[in-house]
Amino acid sequence: MTDASLPNGGAKSRHGSLTSVDARTKKRNTAEKRFRAYGVVAIATGILFLMVLLYAIITSGAGAFQQTFIKVPVYLDPAKLDKKGERNIDDIKKVSTFGYNPLIQNAVLKAVEDAGIETPLKKSKDMKALISASAAAQVRSSVIENPALIGQTVDFKFLASSRVDGYLKDRVKREDLARDKNIDAEHLDIVDGLMEAGVLKKTFNPAFIFGADASESRAEQAGIGVSMIGSFFMMLVVLFLALPIGVAASIYLEEFAPKNRWTDLIEVNISNLAAVPSIVFGILGLAVFIQFIHLPQSAPLVGGLVLTLMTLPTIIISTRASLKSVPPSIRDAALGVGASKMQSVFHHVLPLAAPGILTGTIIGLAQALGETAPLLLIGMVGYIASNAPDGIASGLLDPNSAMPAQIYEWAKRADPAYYERAWGGIIILLIFLVTMNTLAVFLRRRFERRW
Amino acid sequence: MYDAPNTLGDTVDQTETKISARNVQVFYGDNHAIKDVNVDIENKSVTAFIGPSGCGKSTFLRCINRMNDTIDICRVEGDILLDGEDICDKKVDPVQLRAKVGMVFQKPNPFPKSIYDNVAYGPRIHGLAKNKADLDEIVEKSLRRGAIWNEVKDRLHAPGTGLSGGQQQRLCIARAIATEPEVLLMDEPCSALDPIATAQVEELIDELRHQYALVIVTHSMQQAARVSQKTAFFHLGNLVEYGDTSQIFTNPKDERTESYITGRIG
Amino acid sequence: MYDAPNTLGDTVDQTETKISARNVQVFYGDNHAIKDVNVDIENKSVTAFIGPSGCGKSTFLRCINRMNDTIDICRVEGDILLDGEDICDKKVDPVQLRAKVGMVFQKPNPFPKSIYDNVAYGPRIHGLAKNKADLDEIVEKSLRRGAIWNEVKDRLHAPGTGLSGGQQQRLCIARAIATEPEVLLMDEPCSALDPIATAQVEELIDELRHQYALVIVTHSMQQAARVSQKTAFFHLGNLVEYGDTSQIFTNPKDERTESYITGRIG
Amino acid sequence: RDQVQVAGSSTVLPYASIVAEAFGENFDFPTPVVESGGSSAGLKRFCQGVGTEHTDVANASRKIREKEIKACAENGVTEIIEVRIGYDGIVFASQYEGPAYNAFTQSDIFNALAPKVMVDGKLVDNPHKKWSDFNSDLPSEDILAFIPGTKHGTREVFEEKVVAAGCEATGAMEAMIAGGMSEDDAEDACLAVMSDGRAVDIDGDYTETLASIDANANGIGVFGLAFYENNTDKLKVATMAGVEPTTETISTGEYPVSRPLFFYVKKAHIGVIPGLKEYAEFFVADEIAGPDGPLAEYGLVSDPALVETQDAIADEKIMGGDS
Amino acid sequence: MSVFWLCMIVLAICVVGFLFGRTRALSSAAGEARQLHSLPNYYGWNVAMKVVVPAFGLMAVWLIAQPIVLESRVAGMIPQSEIKEGSSVGLVMAEVRRAASGLENAVASGALEAGLARDPEADPAMISERLKEAGQVVTAEITQTILQAAQAFSAMSATANWVMTVLVIAIALGAAAMAVRQSDKEYKARNAVEQGILALLIAAASVAILTTIGIVLSLIFNTAEFFRLYPALDFFTLLEWAPSFSGRGGTSQLGILPLLWGTLYISFIALLVAVPLGLFAAIYLSEYATPRVRGIAKPLLEILAGIPTIVYGLFALLTIGPMLVSVFGQDGLGWMSGGRAVMTAGIAMGIMLIPFVSSLSDDIINAVPQAMRDGSYGLGATQSETIKQVILPAALPGIVGAILLAASRAIGETMIVVMGAGAAARLSLNPFEAMTTVTAKIVSQLTGDSDFASPEALVAFALGISLFVITLGLNVFALYIVRKYREQYE
Ligand SMILES: Nc1ncnc2c1ncn2[C@@H]1O[C@H](COP(=O)(O)OP(=O)(O)OP(=O)(O)O)[C@@H](O)[C@H]1O
Ligand SMILES: Nc1ncnc2c1ncn2[C@@H]1O[C@H](COP(=O)(O)OP(=O)(O)OP(=O)(O)O)[C@@H](O)[C@H]1O
Ligand SMILES: [Mg+2]
Ligand SMILES: [Mg+2]
Ligand SMILES: O=P([O-])([O-])[O-]
């Protein structure tokens with residue numbers, strides 16, 4: 001029956017003392033150490049790259065969080081702002097921002113004179129280079145809001161122009177000014193003087209975090225806040241659609257679908273969708289959501305839907321992989337006590353697969369959060385300076401941009417001040433991402449277990 | 001103390017058929033694992049399946065509550081009637097079937113959940129408990145009947161996977177009886193148990209027999225003799241002999257059966 | 001046929017100590033699973049661990065080849081000497097230790113590979129085969145000794161997970177002996193086996209005993225009596241009694257031992 | 001939908017954004033949404049149909065083409081108002097601290113980048129490695145030029161107004177025709193640029209060109225005038241054929257390399273989309289697009305014929321028609 | 001009644017139905033839940049489901065159909081003469097809709113008397129004046145026809161809304177009543193609910209299929225148009241990619257091969273970086289690292305996947321490129337002439353893809369049962385042997401999935417390619433030369449300046465379809481590999 005011949009002594013000689021390691025074991029142990037070292041090196045490399053990238057991002061972007069402001073009293077001249085003197089709002093509205101510019105420039109000149117700064121620049125027009133073009137709009141809207149201000153002298157806090165700001169941030173050097181037609185060395189003398197006088201200050205700028213985009217010529221005014229809301233709503237859509245749909249689709253395919261050529265085809269097809277360039281999803285989104293279903297253009301809802309389609313394969317692939325890795329004995333156990341297939345999946349298999357699902361979600365959402373190309377086609381890239389939405393519906397439907405699109409736009413703009421803002425935007429995007437991930441990572445930790 | 005086969009407990013008089021299998025064939029891919037098995041399993045009695053390892057006992061057992069559905073390559077042919085209804089019929093809901101026909105698997109497979117939740121799971125999904133207290137009671141009773149209550153009563157909320165092999169086995173028994181099935185299939189329920197625990201489980205089996213139909217797979221001839229009223233002997237996928245336990249052990253008709261119980265073939 | 005305990009095979013004369021455990025304590029988190037165990041296991045003999053389910057047999061067994069290292073919450077204290085060397089020493093390579101001290105687990109755990117690869121795995125990593133033919137031979141021999149060759153010889157390349165419970169158990173035995181360890185720890189190696197297969201495995205154990213030290217956990221007192229020279233009785237984490245098998249079974253010193261072997265405590 | 005929806009050229013986008021911002025500040029209409037995405041994509045969406053789900057205005061850094069007009073018409077977009085807003089100057093600039101690339105002619109660029117050039121009166125495979133190899137006034141530096149990729153309309157301008165002009169000026173074209181090429185083929189051959197790495201296509205934006213110049217001291221890059229003017233601290237510009245690129249030299253046509261910028265308005269949407277006409281009018285108003293307006297300040301070369309454009313919008317004058 | 005309130009009512013019916021269904025089922029079993037076929041809640045859900053599906057289904061269909069039907073009827077009222085040259089019925093209808101909503105809003109805010117708003121003979125000029133005063137957006141003068149159409153539109157949609165409300169509520173109530181009556185202890189509520197859930201699951205799975213169909217459809221027509229303008233043979237066989245501007249005639253060379261080569265080459269380099277780093281990181285995290293290290297390192301690596309690609313592009317252009325040039329450039333080995341190269345982009349992309357491989361694989365490896373490891377350790381295998389020979393094969397499908405995902409991302413990436421590898425297509429074996437990818441060209445041709453009806457722009461669609469087919473092939477191959485080598489544990 002059993003083979004009765006004994007092993008001929010070979011076994012004994014093979015094993016020596018436990019503490020003295022034989023050659024083969026030594027070799028295996030070095031292989032082991034090497035293997036382990038590969039792991040350490042891999043992780044260290046990954047983290048090193050991360051650190052390098054983060055360092056680059058933070059050093060380039062930190063400046064965006066500070067901004068230079070000029071505080072000046074402006075005389076709101078009734079002769080210019082309300083010629084008829086009737087304080088009729090329609091008449092006041094007729095004065096465009098171009099009409100406000102001289103008032104502001106006068107005010108700045110006066111402030112310069114008050115500060116006792118010696119300068120060859122005597123004309124009020126010369127002051128234009130110091131302050132942001134947004135000043136006129138700022139004054140105009142406060143006048144329209146409160147026409148009673150006309151005739152008074154009101155203190156305003158204006159943004160300094162991007163060159164002045166750049167000077168305080170060492171971006172603009174005196175040596176280069178000769179070639180810069182936007183600002184002259186004399187302006188910088190004024191800036192130094194105003195700073196001493198306390199009129200001009202560089203402070204933390206919440207408007208960068210909460211504000212809206214600005215046009216090319218007003219880098220100092222641009223903020224990422226509104227596009228952050230756009231991203232937020234898109235992520236909501238993605239999370240609430242891609243996660244359930246992805247998990248549901250995976251459950252069907254992995255647990256319920258008959259295994260045949262059809263489902264093979266679907267499986268391959270889903271992996272293949274992951275390889276479809278994101279811009280193609282943009283083409284699809286434009287055709288289906290905007291031109292067929294008539295959803296509004298540039299809307300976060302559409303963006304979210306497109307990104308949902310793009311994220312689905314990632315979530316489906318990772319979910320299926322984790323469902324597959326749940327041992328069949330668990331399913332048997334549940335079925336054995338009379339649970340339905342559905343119950344066994346939802347009560348036992350899904351919780352065990354949760355870590356993988358959450359990883360897929362983390363990666364899918366990270367990808368969705370950073371994606372620009374498909375947004376290009378559904379109108380979310382460009383200059384979209386909307387205000388913060390006032391509700392969920394308007395958040396989903398009003399035109400808006402998204403953080404990566406905003407960053408991408410800024411990075412392209414000519415004014416170097418925008419370059420800094422682009423990096424600043426990346427910092428905020430990463431904070432957004434990390435916040436989002438922390439939640440998922442926390443959840444994932446709770447589900448992790450080995451059996 | 002473990003001497004010649006004898007039947008423990010009183011005999012049950014009714015001989016109503018609970019399960020009857022007709023021409024059952026099972027294939028794993030090309031492997032013909034069960035060959036044309038016909039058998040009638042009686043209600044309110046214990047039927048033992050014996051036979052050498054790999055002869056198809058587990059496979060046949062798994063047919064009775066259609067657990068083989070979950071194995072892709074497994075194909076079952078023939079009819080199995082439970083209370084006269086064909087369980088392979090399309091109209092039969094395997095879920096309901098499995099609630100009726102409980103199973104203890106050969107390899108203990110507790111859920112990676114707490115001991116309490118392991119046992120409470122069945123009653124929960126079948127709505128057997130009206131409230132928490134009820135459920136606690138069911139859990140305790142099941143664990144007691146599974147002869148494991150004393151060992152786990154202080155750690156009901158520890159994971160079921162952190163139990164010893166024998167404890168896991170008893171937990172799985174407790175889990176199966178907590179759902180109060182009509183038929184209980186037990187695949188080597190005492191393989192990892194010490195004699196005392198085995199005796200307790202056998203006692204449980206004997207107790208359950210008054211209400212339910214039980215089928216147990218065992219490698220212990222003594223156990224089969226002690227607890228079962230009917231015995232089926234499988235060999236290489238065939239049901240070689242089926243009959244009263246006393247008859248099989250004292251007077252087997254087939255010579256393979258005889259060889260097996262006298263320890264000559266394996 | 002399974003009557004009073006007796007020792008099968010010749011007695012081995014040398015009484016060299018292979019493994020000695022000193023004040024071994026094992027904790028699973030707060031659960032004190034092994035309490036101050038001292039034991040000397042002899043070379044070229046079979047030691048049986050018996051005791052009620054959950055008493056710590058597997059836990060102690062797993063200490064001997066440091067398998068408990070893999071359980072996060074498990075903490076082992078005390079010394080275990082193998083050939084006079086402390087296996088818990090930092091300098092000791094657990095890999096080398098485990099190559100010396102083979103193990104068959106309580107729950108059969110074949111790799112999700114072919115039957116052939118399951119058995120060939122050990123010889124491959126330890127470089128025991130010079131070439132393919134050599135390896136084929138080792139695999140065949142191991143499967144034969146594991147008493148499963150006949151059942152699997154036609155499906156060596158089918159997955160090991162597609163075997164029946166008892167077949168898996170034997171496959172795991174074959175897998176363990178294929179690496180030719182000096183000490184073989186077997187946790188209930190025959191729990192899922194029919195009497196014939198059990199007898200074959202016992203024969204294998206008896207054969208191995210001439211060269212190696214074997215430790216088996218078993219719930220079958222008969223089996224312990226048949227195959228072992230020494231028996232250790234565990235109860236609630238304590239090593240209650242340890243001595244010659246014949247002495248333990250005929251004349252136990254501790255009353256708990258007596259109660260257990262006469263079937264009174266579990 | 002109650003805001004004007006604009007899409008198209010990324011070259012026009014800066015100007016459009018300045019206008020849109022001012023428009024939002026000065027009118028009660030909501031700020032128009034100005035998308036970028038390229039002239040082609042913008043026109044394509046523009047031409048996809050009439051209705052609120054389609055854009056109202058397309059920005060383009062080139063004139064709409066015949067085929068596009070036809071495609072538009074097939075989708076019912078028959079009435080299009082064309083608005084030329086000014087010119088984009090295209091300049092050659094290099095690292096400020098880099099070699100003295102101060103003056104180029106079209107011939108220099110041709111000699112540097114074309115695959116076949118004239119050497120000693122013969123058409124040969126381009127043997128030049130350094131700028132000084134063919135023009136001793138230029139620095140002795142390896143030739144490296146970052147030119148717009150084939151997606152950019154600027155590439156077309158670069159090829160036609162610089163490379164082809166150089167081809168003709170050096171006599172290479174003549175030599176080609178003399179060598180047996182048809183005139184058309186020779187014209188085409190004149191546009192070719194070597195692909196051995198000395199001319200690097202930039203498919204991205206001017207920021208990318210700038211980054212490339214930053215990393216390569218010997219490189220010259222092709223930029224828009226506005227971009228250069230905003231980055232004078234890093235870049236120095238070279239004259240072309242002796243003319244320095246400024247808004248003045250470009251608007252007079254003295255500086256040879258420039259292209260017109262346009263936007264197109266869907267007439268059918270006027271009166272339906274609130275503020276559409278006002279936006280178009282505002283865009284070309286003197287205050288905005290005039291020589292002293294913010295657009296010119298930013299770098300747009302304002303159109304001397306602005307008044308005609310203003311009138312055309314006021315009359316809603318469509319292309320190719322007379323209504 | 002607004003749609004919102006209608007939804008609320010349906011949901012309320014749903015909740016009540018849930019409770020009734022549950023209670024009725026329970027009482028049919030005399031309060032004994034165990035007598036029921038399914039858990040009591042299933043009866044509740046059964047009712048809820050049967051209310052929601054038809055009610056919302058009808059509502060959805062109605063809401064989609066109503067404007068279409070109404071508009072076609074109102075459009076019939078508008079004489080052809082009213083539609084200006086170049087305009088369309090659609091635009092006129094947009095005006096009608098705007099006027100209608102203006103009228104309603106004005107009435108609601110009290111700026112206009114209801115009677116006047118409904119008067120078809122009202123003076124349109126006056127009405128538009130009043131509307132403007134009421135702050136409603138009216139763009140053009142409202143003509144008589146438009147006003148009448150708007151009034152008709154208002155009236156009809158009011159009726160339609162009313163009918164819909166009644167119908168939806170009736171259906172909800174009817175369905176609720178029927179479902180509640182069903183709720184008997186014999187009724188297979190669980191099966192019904194699970195059928196419903198299964199339908200949902202199938203619907204979810206079909207989203208993926210619909211997306212594919214959508215993608216193919218949105219590419220196919222333009223692709224066909226492209227092949228009408230440009231010979232397919234050239235597209236598939238030309239070794240050159242040199243689009244020119246269509247204004248000048250057909251001298252463009254649009255061969256996909258160099259782009260495809262670039263795609264495969266760059267992706268290959270990226271995977272060469274990402275797969276070993278990611279896989280080793282995953283192995284270390286799941287098998288060696290302490291929970292603490294794992295808890296920190298894994299999320300940190302995951303940040304790499306979320307850094308915008310523009311940063312990687314700049315990193316490639318400004319850091320990796322110059323670094324490579326200093327080693328392989330003219331001053332070093334002389335293989336590299338500029339910073340832009342396949343290597344540059346490949347490395348940057350590889351870094352980005354590390355977490356795709358590491359995190360997903362880590363989860364899968366972690367899910368391999370401990371018994372597998374024990375079995376191997378028990379035979380004296382080292383940890384690395386166990387990993388290589390037992391764990392990785394068991395985790396293979398998941399790991400291949402992760403690698404495929406990374407590869408997919410590499411194929412689909414543009415920004416890094418454009419900035420790191422350049423925009424010029426080239427067929428070369430030298431990884432230190434600039435090349436470009438199919439995706440980068442899809443984006444640039446789509447967003448470029450060339451005529452949108454020209455082959456130079458349309459080629460983007462052909463590229464898209466070709467890439468789709470090619471990656472499909474790669475995926476089929478991967479599936480085959482997984483099937484072949486998969487080791488399924490118990
Ligand atoms: N992984 C674990 N985590 C926590 N507790 C454990 C774990 N494994 C075993 N235990 C506990 O340690 C004690 C001893 O268990 P062990 O597995 O050694 O028992 P055993 O003697 O082998 O029992 P059996 O005969 O049932 O296999 C038991 O109380 C058990 O519940
Ligand atoms: N999942 C499977 N795939 C393929 N073959 C299988 C599978 N399960 C069992 N088999 C084969 O079917 C036959 C019967 O197996 P079964 O598990 O029914 O045996 P058993 O009688 O329960 O044996 P044991 O006493 O060892 O548990 C065996 O030859 C076995 O190898
Ligand atoms: Mg079995
Ligand atoms: Mg044990
Ligand atoms: O975006 P452009 O069309 O101007 O290149």
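Treat the numbers as computed from the prediction; the structure is a model and nothing was measured. (Residues numbered from 1 in each chain as written. Chains lettered and ligands numbered in written order. Predicted model: local features only at pLDDT ≥ 70, side-chain atom pairs only at ≥ 80, totals over all residues. Heavy atoms only, no water.)

1. Some remarks on the sheet that holds strand β3 (residues 200–204) of chain A
Residue and element names in this part refer to chain A. Read from one edge of the open sheet, 3 strands run β2-β1-β3, paired in antiparallel fashion. Since the sheet does not close on itself, it has two edges, and those belong to β2 (153–159) and β3, each with one partner. Between one strand axis and the next, the sheet turns by 35 degrees as a mean value, whatever way the strands run. Bridge count for strand β1 (residues 66–75) against β2 is 7 bridges, and the pairing is antiparallel. Paired with V72 across the bridge in β2 is F156. (Pairing = 2+ DSSP bridges. Helix = DSSP H or I, 4+ residues; strand = E, 2+ residues; numbered from the N terminus. Axes fitted to C-alpha atoms, helices over the stretch in contact; angles between N-to-C directions.)

2. Comments concerning the packing of aromatic side chains
Residue and element names in this part refer to chain D. Counted according to the given criterion, the structure contains 51 aromatic pairs over all chains. Where Y101 meets F104, the ring centres are 5.9 Å apart and the plane angle is 25 degrees; that geometry is what we call stacked. Here Y101 matches F104 in class, with each residue buried. Site record: aromatic cluster; members linked through ring pairs are F23, F27, F29, F263, Y279, F282 and F283. (Phe/Tyr/Trp six-rings, centres within 6.5 Å; stacked < 30°, edge-to-face > 60°. Buried < 20%, exposed > 50% of the residue type's maximum accessible area, 1.4 Å probe, protein only.)

3. Some remarks on the coordination of the magnesium ion (ligand 4)
All names here are of chain C. Every protein donor of the magnesium ion (ligand 4) is accounted for by S58 (OG) and Q106 (OE1), and the metal-donor separations fall at 1.9 to 2.1 Å. One end of the pair, S58, is in helix α1 (residues 57–64); the other, Q106, is in the loop between β6 (101–104) and α3 (115–126), with 48 residues separating them in the sequence. In this structure S58 comes out as buried when scored by relative accessible area, which is 17%. Using a relative accessible area of 15% as the deciding quantity, one classes Q106 as buried. (Donors = N, O, S within 2.8 Å, 3.2 Å for Na, K, Ca; no water.)

4. What about the environment of R209(B)?
Note on placement: R209(B) falls in the loop between α7 (195–208) and β8 (213–217). On the accessibility criterion, R209(B) (0% relative accessible area) is buried.

5. Observations concerning the UniProt feature "domain: ABC transmembrane type-1" (unreviewed entry) in chain A
Per the UniProt record, "domain: ABC transmembrane type-1" (unreviewed entry) is annotated on residues 228–440 of chain A. End C-alpha atoms of residues 228–440 of chain A are separated by 20 Å, and the span's content is 78% helix alongside 1% strand. (UniProt positions renumbered as here; feature names shortened; annotations may be inferred.)

6. Concerning the state of the cysteines
Working definition of a disulfide: a covalent bond connecting the sulfur atoms of two cysteines. Residues and elements named next belong to chain D. For the structure on display, the rule yields 2 disulfides over all chains. Disulfide partner of C47: C72, at an S-S distance of 1.7 Å. Looking along the S-S bond of the C47-C72 disulfide, the torsion reads about -65 degrees, which is the left-handed sense. Separated by 25 residues along the polypeptide, C47 in the loop between α2 (39–46) and β3 (57–60) and C72 in helix α3 (residues 66–74) bring together distant segments of the chain. (Disulfide = S-S within 2.5 Å.)

7. Re the pattern of salt bridges
Two side chains that carry opposite charge are able to pair once their charged atoms sit near each other. All names here are of chain D. Counted under the stated rule, the structure contains 84 salt bridges over all chains. The shortest N-O distance in the salt bridge between E156 and R65 comes to 3.4 Å. One end of the pair, E156, is in helix α5 (residues 153–169); the other, R65, is in the loop between β3 and α3, and 91 residues separate them in sequence. Both residues of the pair, E156 and R65, count as buried. A salt bridge links D142 to K130, with the shortest nitrogen-to-oxygen separation between them at 3.3 Å. Of this pair, D142 sits in the loop between β7 (122–125) and β8 (145–148) while K130 is found in the loop between β7 and β8, placing the two residues 12 residues apart along the sequence. Taking relative accessible area as the criterion, D142 reaches 40% and is therefore assigned partly exposed. When its relative accessible area of 29% is taken as the criterion, K130 is described as partly exposed. (Salt bridge = Lys/Arg side-chain N within 4 Å of Asp/Glu carboxyl O.)

8. Details of the environment of K202(A)
Looking at the secondary structure, you find K202(A) in strand β3. In this structure the C-alpha to C-alpha distance between K202(A) and R449(A), which are 247 residues apart in sequence, comes to 52 Å.

9. Re unusual backbone geometry
Residues and elements named next belong to chain D. Here the phi dihedral of D120 falls at roughly 50 degrees; this positive angle occurs in a residue that is not glycine. Examined against the element boundaries, D120 turns out to sit in the loop between β6 (116–119) and β7. Positioned with a positive phi, A241 is a non-glycine residue whose angle comes to about 50 degrees. When you line up the elements, A241 lands in the loop between β11 (235–240) and α10 (247–251). A241 sits in the partly exposed class, given a relative accessible area of 44%.

10. Regarding the arrangement of the chains
Across the 8 pairs of chains that are in contact, the largest number of contacts falls between chains A and E. Over all C-alpha pairs, chain B and chain D never come within contact, reaching a minimum spacing of 51 Å. A gap remains between chain C and chain D, which never touch, and the nearest two C-alpha atoms on either side lie 51 Å apart. (Contact = heavy atoms within 4.5 Å.)

11. Looking at the interface of chain D and chain E
Contacts between the two partners involve 49 residues from chain D and, on the opposite side, 41 residues from chain E. Summing both partners gives a buried area of about 3,500 Å² for chain D against chain E, and 54% of it is carried by carbon and sulfur. Taken together, chain D and chain E are joined by 3 salt bridges. Between K441(E) and D203(D) there is a salt bridge, with its nearest N and O atoms 2.9 Å apart. Counting the contacts that link chain D with chain E gives 15 residue pairs in polar contact (both at pLDDT 80 or more). Looking at the side of chain D that touches chain E, the elements with two or more residues in it are α2, α3, α5, β9 (199–202) and α8 (206–215) of chain D. Examining the composition of the side of chain D that touches chain E, we find that 6 residues originate from one element, α5(D), more than from any other. (Buried area = accessible area lost by both parts, 1.4 Å probe. Polar contact = N/O pair within 3.5 Å; in protein donor to acceptor, adjacent residues only side chain to side chain.)

12. Here we look at the site of ligand 2
The environment of ligand 2 is formed by 21 residues, the closest being S53(B), S58(B), T59(B), S164(C) and G166(C). Residue neighbours of ligand 2 fall on chains B and C, so the site bridges chains. Within the side chain of Q106(B), a nitrogen or oxygen atom sits 2.7 Å from an oxygen atom of ligand 2. Between an oxygen atom of ligand 2 and a side-chain N or O atom of R155(C), the distance comes to 2.8 Å. Secondary structure elements with two or more residues in the shell around ligand 2: β2 (31–42) and α1 (57–64) of chain B together with α6 (165–178) of chain C. Along the lines of polarity and charge, the residues of the shell around ligand 2 split into 5 nonpolar, 13 polar and 3 charged. (Near = heavy atom within 4 Å. Nonpolar A, V, L, I, M, F, W, Y, C, P; charged D, E, K, R; others polar.)

13. Details of the interface of chain A and chain E
Interface extent is often summarised as the accessible area lost during association of the parts. With 89 residues of chain A at the contact, the number on the chain E side is 97 residues. Note on chain A versus chain E: buried area summed over both sides is about 7,900 Å², and carbon and sulfur give 75% of it. The interface formed by chain A and chain E includes 6 salt bridges. Between K298(E) and E448(A) there is a salt bridge whose closest N-O contact spans 3.8 Å. Between the two partners, chain A and chain E, sit 17 residue pairs in polar contact (both at pLDDT 80 or more).

14. Points about the site of ligand 5
Around ligand 5 sit S9(D), S10(D), T11(D), G38(D), S39(D), S61(D), H152(D) and D449(E), and those are all the residues in its vicinity. At the site occupied by ligand 5, the surrounding residues belong to chains D and E. S10(D) places a side-chain nitrogen or oxygen 2.4 Å from an oxygen atom of ligand 5. Here an oxygen atom of ligand 5 sits 2.4 Å away from a polar atom, N or O, in the side chain of T11(D).

15. What about the domain arrangement of chain A?
All names here are of chain A. Split into domains, chain A comes out as domain 1 (12–61), domain 2 (65–205) and domain 3 (225–447). Contact between domain 1 and domain 3 buries roughly 470 Å² in total, counting both sides, with carbon and sulfur atoms accounting for 84%. The largest per-residue losses of area from domain 1 upon contact with domain 3 belong to I57, S60 and G61, which jointly make up 82% of the total buried on that side. Where domain 1 touches domain 3, the interface holds 0 residue pairs in polar contact (both at pLDDT 80 or more). Taken together, the residues of the side of domain 1 that touches domain 3 break down into 4 nonpolar, 2 polar and no charged. (Domains from an automatic or database assignment.)

16. Here's the deal with the UniProt feature "transmembrane region" (unreviewed entry) in chain A
All names here are of chain A. Mapped onto this structure's residue numbering, the UniProt feature "transmembrane region" (unreviewed entry) falls at residues 35–58, 232–253, 273–293, 299–317, 349–370 and 422–443. With 100% helix and 0% strand, residues 35–58 has end C-alpha atoms that lie 34 Å from one another. For residues 349–370, helix accounts for 95% and strand for 0%, while the C-alpha atoms at its two ends are 31 Å apart.

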